[in-house]
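Structural characterization, general
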Amino acid sequence: MCECEKDCCNTPAEQLVDGCPIDVVIGIDMCSCNNDTWTEMRRFTLDMVNTLSSDFGINDNENSARLHIYQFMDENKDVVGFDTFTQNEIEKAVLGMQNAEFHGKSTDLKVAIQHAQQVLVVRFFSSEN
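In what follows, the accompanying structure is described. (Residues numbered from 1 in each chain as written. Predicted model: local features only at pLDDT ≥ 70, side-chain atom pairs only at ≥ 80, totals over all residues. Heavy atoms only, no water.)

Digging into the overall build of the protein chain
Let me state the cut-off plainly: Working definition: helices are DSSP H or I runs of at least four residues, strands are E runs of at least two. Numbering for both runs from the N terminus. Exposed residues in this analysis have more than 50% of their type's maximum accessible area, buried residues have under 20%, and partly exposed residues fall in between, with area computed by a 1.4 Å probe over protein chains only. Whether two residues touch is decided by their heavy atoms; if any such pair falls within 4.5 Å, the residues are in contact. Working definition of accessibility: Shrake-Rupley area with a 1.4 Å probe, residue cover restricted to the visible protein chains.
Across its full length, the protein chain holds four helices and three strands. Ordered by position from the N terminus, the helices and strands of the protein chain form the series α-β-α-β-β-α-α. Here the protein chain holds 129 residues, and the buried ones make up 34% of them. When contacts within the protein chain are restricted to residue pairs at least 6 apart in sequence, long-range pairs at least 24 apart make up 68% of them. Within the structure as shown, the protein chain displays about 7700 Å² of accessible surface, and the carbon and sulfur contribution to it stands at 49%.

Have a look at this one:
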């Protein structure tokens with residue numbers, strides 16, 4: 001359960017109703033993600049979305065968890081941004097992810113980490129307004 005100073009996190013029941021104001025960035029490394037592992041990759045990502053939604057709540061409430069999901073190798077491709085508010089929208093976007101554009105490329109972990117950092121910086125400064 002969420003351990004924070006916000007009132008929404010005082011009890012598990014309140015947390016499920018009100019959500020918890022956390023931002024989570026999920027980077028999916030597409031290296032070695034061939035057709036055999038692709039189904040497992042999407043299933044794993046959906047499981048993460050479901051777990052985060054049940055533990056922290058995902059909705060348009062200001063106390064809700066927010067997710068940003070992106071795929072990476074030598075470049076990054078955003079799948080879901082912090083402005084996607086429902087679990088259904090997120091699941092649809094994850095199911096729509098493609099892997100063909102990543103074949104034959106190499107992973108650049110530095111670029112992937114910088115992307116996650118930039119996503120969080122933009123989120124932090126936009127949430128202060």
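Moving on, there is more to tell.
Description of helix α2 (residues 35–56)
Note the threshold: By definition here, a helix of n residues has an expected span of 1.5 Å times n minus one. Here the arc refers to the set of directions running from the helix axis out to each C-beta atom.
For α2, which comprises 22 residues, the first-to-last C-alpha distance of 32 Å matches the rise-based estimate of 32 Å (1.5 Å per residue) to within 8%. The set of residues buried in α2 consists of W38, T45, L46, V49, L52, S53 and F56. The arc that holds every buried residue of α2, seen down its axis, measures 130°, which confines them to one face. Residues of α2 that are exposed and point over 90 degrees away from its buried face: D36 and E40.

Looking at the nonpolar core
A general trend in soluble globular proteins is that nonpolar side chains are found buried together. Using the following cut-off: In this description, a nonpolar core means a group of buried Ala, Val, Leu, Ile, Met, Phe, Trp, Tyr and Cys residues linked to one another through side-chain atoms lying within 4.5 Å.
Counting 20 residues, the largest nonpolar core has I26, L67, I69 and I90 as the members making the most contacts within it. The set of elements that each furnish at least two residues to this core consists of β1 (23–29), α2, β2 (66–72) and α3 (87–95). In terms of residue count, the dominant contributor to this core is α2 (five residues). Once you skip the residues sitting within four places of it in the chain, L67 turns out to touch V24, I26, V49, L52, I58, V80, G81, F82 and I90.

Overview of the sheet that holds β2
In sheet architecture, strand pairing relies on hydrogen bonds along the backbone and comes in two forms, parallel and antiparallel. Short version of the rule: Pairs of strands are assigned from DSSP output, requiring at least two bridges between the strands. Structural elements are reduced to axes, namely lines fitted to C-alpha atoms, with helices fitted over the stretch in contact, and the angle between N-to-C directions of any two is expressed from 0 to 180 degrees.
Taken in spatial order, the three strands of this open sheet run β1-β2-β3, and their pairing is mixed. Edge strands, defined here as strands with exactly one partner in the open sheet, are β1 and β3 (76–80). Recorded for the sheet is a direction-independent mean angle of 25° between the axes of neighbouring strands. Lying over the sheet, α2 contacts β1 and β2, oriented at roughly 170° with respect to β1. Lying over the sheet, α3 contacts β2 and β3, oriented at roughly 145° with respect to β3.

Looking at a nonpolar patch on the surface
Put simply, the rule reads: Excluding any residue in a salt bridge, patches collect residues exceeding 30% relative accessible area, merging like charges within 9 Å and nonpolar Val, Leu, Ile, Met, Phe, Trp and Tyr side chains within 5 Å. Here, a salt bridge means any Lys or Arg side-chain nitrogen found within 4 Å of an Asp or Glu carboxyl oxygen.
A surface patch of nonpolar side chains, amounting to about 290 Å² of accessible area, comprises V121, F124 and F125. Mapping V121 onto the fold places it in helix α4 (residues 109–127).

Brief notes about the pairing of β1
Across the two faces of β1 the burial differs, with V24, I26 and I28 buried and D23, V25, G27 and D29 not buried at all. Strand direction decides the pairing type here: β1 and β2, joined by seven bridges, are parallel. Looking at the pairing, V24 lines up with L67 of β2.

Thoughts on the side chain of Q71
Within the secondary structure layout, Q71 lies in strand β2. Among the residues examined, Q71 registers a relative accessible area of 1% and is labelled buried.

Concerning the packing of α2 against α3
To keep things clear, this is the line we draw: Roughly parallel covers angles under 35 degrees, roughly antiparallel covers those over 145, roughly perpendicular covers 65 to 115, and oblique covers all other angles. Helix crossings are classified by the rotation of the near helix relative to the far one: an anticlockwise turn of less than a right angle makes the crossing left-handed, while a clockwise turn makes it right-handed. Gly is placed with the polar residues, together with every amino acid not listed as nonpolar (Ala, Val, Leu, Ile, Met, Phe, Trp, Tyr, Cys and Pro) or charged (Asp, Glu, Lys and Arg).
It is at 10 Å that the axes of α2 and α3 come closest, and there the two elements cross at 170°. The orientation of α2 relative to α3 falls into the category roughly antiparallel. For the element pair α2 and α3, the recorded crossing hand is right-handed. Residues R42, T45, L46, V49, N50 and S53 of α2 touch α3, and the partners they reach there are Q87, I90, E91, V94 and L95. Across the contact of α2 with α3, the residue classes break down as five nonpolar, four polar and two charged.

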